[in-house]
Amino acid sequence: AILYISVSCGLTLLNKEILSKYNFNYVFLLVTLQQTSLLISLLIGKITLGVNIQMKMQFPPSYSLILSIVTFQLYVCTSLLALKYVSIPLYTILRKTGMISTLVIQYIYDGCRLSSVAYCSIAVMVIGVFMAGMNDLNFDFRGYLITLCCNLLTSVYLVSISWHKEKTGDSANT
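Basis of the calculations
Residues numbered from 1 in each chain as written. Predicted model: local features only at pLDDT ≥ 70, side-chain atom pairs only at ≥ 80, totals over all residues. Heavy atoms only, no water. Phe/Tyr/Trp six-rings, centres within 6.5 Å; stacked < 30°, edge-to-face > 60°. Helix = DSSP H or I, 4+ residues; strand = E, 2+ residues; numbered from the N terminus. Buried < 20%, exposed > 50% of the residue type's maximum accessible area, 1.4 Å probe, protein only. Polar contact = N/O pair within 3.5 Å; in protein donor to acceptor, adjacent residues only side chain to side chain. Contact = heavy atoms within 4.5 Å. Axes fitted to C-alpha atoms, helices over the stretch in contact; angles between N-to-C directions. Parallel < 35°, antiparallel > 145°, perpendicular 65-115°, else oblique. Left-handed = near helix turned anticlockwise from the far one by under 90°. Nonpolar A, V, L, I, M, F, W, Y, C, P; charged D, E, K, R; others polar. Core = buried A, V, L, I, M, F, W, Y, C linked by side-chain atoms within 4.5 Å.

S.K.: What should I look at first to understand the packing of aromatic side chains in this one?
M.R.: In this description, an aromatic ring pair is defined by two values, namely the gap between the centres and the angle between the planes. Following the criterion strictly, the structure yields four aromatic pairs and no others. Seen in terms of ring centroids, Phe 72 and Tyr 157 are 5.3 Å apart; in terms of plane orientation they differ by 50°. Their pairing is tilted. Here Phe 72 is found in helix α3 (residues 63–85), whereas its partner Tyr 157 is found in helix α7 (residues 141–168), with 85 residues between them in sequence. With relative accessibility at 28%, the residue Phe 72 sits in the partly exposed group. Here Tyr 157 falls in the buried class, since its relative accessible area comes to 17%. When the centroid spacing of 6.1 Å and the interplanar angle of 20° are considered together, the rings of Tyr 75 and Tyr 157 count as stacked. Taken together, the residues span a long stretch of sequence, with Tyr 75 in helix α3 and Tyr 157 in helix α7 at a distance of 82 residues.

Structure follows, in structure tokens:
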């Protein structure tokens, strides 16, 4: 868990530096390079450390799996693009509003409702987000809009994983 948190935070800081300081505009290339390096690292781990990598994939893949893959790629790309325009703390705060779109899409998909306590806690978090956003001195509408698109894509991705698991009985990430 500590290694995951360290790598995740380090990668976020590296991406912010690359996208903002060096004005790197090729987000899809950056995502492809990072995913390729992850695959190479997994293969090296499998060869040298005997890491067990199991993959169950049917061909042709189902539409639900394709939807999960496409929305994941778009979510990661918009996430990196959003980092270019907003600060890391503000990005983290804005991502907290993603629960609202997830709730709406989940409700549309299967009619799932939460308890009133859950709705109240989400409302408190969203109010906190708006209060933090009001103090943003470097307000960039484009950054806010891209982050909100990222939230929407994340929500579609999460619901598509549920749809895939329900449809095939298999997890979308195996």
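S.K.: When you look at the side chain of Thr 154 in this model, what are you seeing that I'm missing?
M.R.: Summarising the element assignment, Thr 154 is placed in helix α7. Its relative accessible area of 14% is what places Thr 154 among the buried residues. Here Arg 95 takes part through its side chain, which lies 3.2 Å from a polar atom of the side chain of Thr 154. The contacts of Thr 154, once residues within four sequence positions are left out, are Tyr 75 and Arg 95.

S.K.: Would you mind showing me how to read the packing of helix α4 (residues 88–95) against α7 here?
M.R.: Each pair of packed helices can be summarised by the angle the axes make with each other and by the distance between the axes. With their axes 9 Å apart at the nearest point, α4 and α7 run at an angle of 45° to one another. Judged by the angle between their axes, α4 and α7 are oblique. Read as a crossing pair, α4 and α7 show a hand that is right-handed. Residues Leu 90, Tyr 91, Leu 94 and Arg 95 of α4 form the contact with α7, whose own contacting residues are Tyr 144, Thr 147, Cys 150, Asn 151 and Thr 154. Of the residues assigned to the contact of α4 with α7, the class counts are five nonpolar, three polar and one charged.

S.K.: What is the right way to read the nonpolar core from this model?
M.R.: Looking at soluble globular proteins, one finds that nonpolar side chains tend to be buried together. In terms of nonpolar packing, the biggest core is built from 17 residues, with Leu 19, Val 27, Val 31, Leu 80 and Tyr 91 touching the most fellow members. If you tally residues by element for this core, the top one is α3, at five residues. Those residues in contact with Leu 19 that lie beyond four places of it in its chain are Phe 24, Val 27, Leu 30, Leu 80, Leu 83 and Lys 84.

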